[in-house]
Amino acid sequence: MPDPRPDSWPDTRRCPNPKVVVTRELADAVMDRMAALFDTTNNHGDAKLSRDQLAAAMADCDVLVPTVTDDIDAALIAGAGDRLRLIANYGAGVNHIDLKAARARGIIVTNTPGVLTEDTADMTMALILSVPRRLAEGEKLVRSGAWTGWSPGGMLGHRIGGKALGIVGMGRIGQAVARRAAAFGLSIHYHNRRRLPVALEQALGATWHASLDELLGAVDIVTIHTPLNADSRDMIDARRIALMRPHVFLINASRGGVVDETALVDALEAGRLAGAGLDVWRHEPQIDPRLLALDNVVMLPHMGSATFEGRIATGEKVIQNIRMWADGHRPPDQVLEGWA
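Rules behind the numbers
- Residues numbered from 1 in each chain as written.
- Predicted model: local features only at pLDDT ≥ 70, side-chain atom pairs only at ≥ 80, totals over all residues.
- Heavy atoms only, no water.
- Patch = residues over 30% accessible without salt bridge, like charges linked within 9 Å, V, L, I, M, F, W, Y side chains within 5 Å.
- Areas by Shrake-Rupley, 256 points an atom, 1.4 Å probe, with all protein chains shown as cover.
- Salt bridge = Lys/Arg side-chain N within 4 Å of Asp/Glu carboxyl O.
- Helix = DSSP H or I, 4+ residues; strand = E, 2+ residues; numbered from the N terminus.
- Buried < 20%, exposed > 50% of the residue type's maximum accessible area, 1.4 Å probe, protein only.
- Lys, Arg positive; Asp, Glu negative; His and termini not counted.
- Polar contact = N/O pair within 3.5 Å; in protein donor to acceptor, adjacent residues only side chain to side chain.
- Pairing = 2+ DSSP bridges.
- Axes fitted to C-alpha atoms, helices over the stretch in contact; angles between N-to-C directions.
- Contact = heavy atoms within 4.5 Å.
- UniProt positions renumbered as here; feature names shortened; annotations may be inferred.

Caption draft 1: Quick peek at a nonpolar patch on the surface. There is a patch of nonpolar side chains on the surface, built from Val-142, Trp-147 and Trp-150 and spanning about 440 Å² of accessible area. Checked against the element boundaries, Trp-147 lands in the loop between α6 (135-144) and β6 (164-168).

The following block contains the structure:
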């Protein structure tokens with residue numbers, strides 16, 4: 001039966017020893033801690049569960065701990081057992097979970113915000129540096145054995161100091177990127193659904209653009225830091241890519257679905273964009289072969305948050321949410337249906 005209570009109410013039913021299913025292999029310290037605290041089934045093989053395996057797990061557990069690779073859609077939620085009351089996501093993004101369907105079943109969804117902010121910002125800054133300076137191309141040249149030595153015209157790129165950086169989405173990660181970028185001499189511009197407080201804008205040296213279209217036409221590098229939801233899917237489409245000037249570099253370390261990948265490849269092939277740095281993909285792990293053929297694209301395997309410290313901190317967040325819920329309290333990181 002649907003839970004008639006508003007999302008702001010906690011589920012006060014205690015569950016002293018919840019049965020927990022973890023869908024992917026996590027850090028040993030995290031899995032050991034979960035096994036000590038709960039009746040836990042860990043996936044030690046680190047192979048993505050099939051849909052049937054996921055359905056079986058959801059039919060017979062109190063808490064599911066999925067990751068971004070698990071597509072928890074309405075059909076799976078509808079088939080879940082009555083005992084499933086918490087989906088404690090391992091990660092901040094929840095676009096792979098049907099929040100509306102979970103809400104209808106009275107299933108609480110939590111995530112792990114904040115713990116990966118610095119790691120993702122570091123990786124974004126690495127891409128901002130590596131694409132204009134052609135670092136990936138240079139590394140390939142050295143490994144190929146074709147490098148013949150230094151020359152005045154060899155491997156020329158672009159300096160980033162003095163350029164304008166446009167940040168799309170000025171949440172925790174966007175702000176962390178702004179702080180790093182300012183130290184490299186970039187001027188900071190941003191678009192957000194809500195303008196930041198003036199004091200924070202001044203601290204970041206950031207200029208707000210109420211119109212995303214205006215921002216895209218005014219900057220030299222664009223970096224995306226928005227969650228993937230109905231409003232942001234294909235936000236950077238062919239029309240908006242056409243607003244960017246030909247010397248612009250596009251960086252995406254958020255979610256692949258925010259960018260129309262076909263339109264991006266078309267623009268890169270036609271020279272209507274200078275290059276791109278991508279850590280996320282539309283259909284990962286599959287990547288458009290046309291992207292693989294482009295020298296002006298730095299490609300990473302969704303590793304923006306891949307640090308030992310970050311993975312452990314994410315697991316600790318998951319454990320905190322489960323423990324609070326099991327004790328009959330509202331989890332600290334409950335995600336509401338309108339999450340963005």
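Caption draft 2: Spatial organisation of the side chain of Glu-261. By secondary structure assignment, the location of Glu-261 is in helix α11 (residues 261-269). At 6.8 Å, Arg-282 is the nearest oppositely charged side chain to Glu-261, a buried residue that forms no salt bridge. Separated by 3.0 Å, the side chain of Glu-261 and the backbone nitrogen of Arg-282 make a polar contact.

Caption draft 3: Fine view of the sheet that holds β6. A sheet is described by the order of its strands in space; here seven strands give the open sequence β8-β7-β6-β9-β10-β11-β12, paired in parallel fashion. The outermost strands of the open sheet, each flanked by one partner alone, are β8 (206-208) and β12 (297-299). The mean inter-strand angle of the sheet, taken between neighbouring strand axes irrespective of direction, is 20°. Of the pairings in the sheet, the one linking strand β11 (residues 275-278) to β12 comprises three bridges and is parallel in character. When the sheet's bridge partners are listed, Leu-278 is paired in β12 with Met-299. In this fold helix α5 (residues 117-130) packs onto β6, β9 (221-224), β10 (249-252), β11 and β12, with an angle of close to 160° to the strand it touches most, β10.

Caption draft 4: How the structure looks around the UniProt feature "domain: D-isomer specific 2-hydroxyacid dehydrogenase catalytic" (unreviewed entry) in the protein. UniProt's entry tags residues 20-335 with the feature "domain: D-isomer specific 2-hydroxyacid dehydrogenase catalytic" (unreviewed entry), counted in the numbering of this structure. Each end of residues 20-335 is marked by a C-alpha atom, and these two atoms are 19 Å apart; helix forms 37% of the span and strand 14%.

Caption draft 5: How the structure looks around the sheet that holds strand β3 (residues 63-65). The five strands lie next to each other as β2-β1-β3-β4-β5, forming an open sheet whose pairing is parallel. Unpaired on one side and paired on the other, β2 (39-41) and β5 (108-110) mark the two borders of the sheet. Neighbour to neighbour, the strand axes of the sheet diverge by 15° on average, direction disregarded. As paired strands, strand β1 (residues 19-22) and β2 are joined by three bridges and run parallel to one another. Across the sheet, residue Val-21 finds its bridge partner in β2, namely Thr-41. Along the sheet, helix α13 (residues 308-326) contacts β1, β3, β4 (86-88) and β5; its crossing angle with β4, the most-contacted strand, is approximately 160°.

Caption draft 6: Representation of the pattern of salt bridges in the model. Per the stated rule, a full pass over the model turns up 21 salt bridges. Of the charged contacts in the structure, one is a salt bridge between Arg-14 and Asp-327, with a shortest N-O distance of 3.9 Å. Highlighted residues: Arg-14 in the segment before β1 and Asp-327 in the segment after α13, separated in sequence by 313 residues. Accessibility expressed as a relative area gives 40% for Asp-327, which makes it partly exposed. Its salt-bridge partner being Glu-201, residue Arg-195 comes within 2.8 Å of it at the nearest N-O pair. Taking relative accessible area as the criterion, Arg-195 reaches 48% and is therefore assigned partly exposed. Note on Glu-201: relative accessible area 7%, which makes it buried. Three or more residues are tied together by salt bridges with common partners; here these are Lys-19, Asp-60, Asp-62 and Arg-83.

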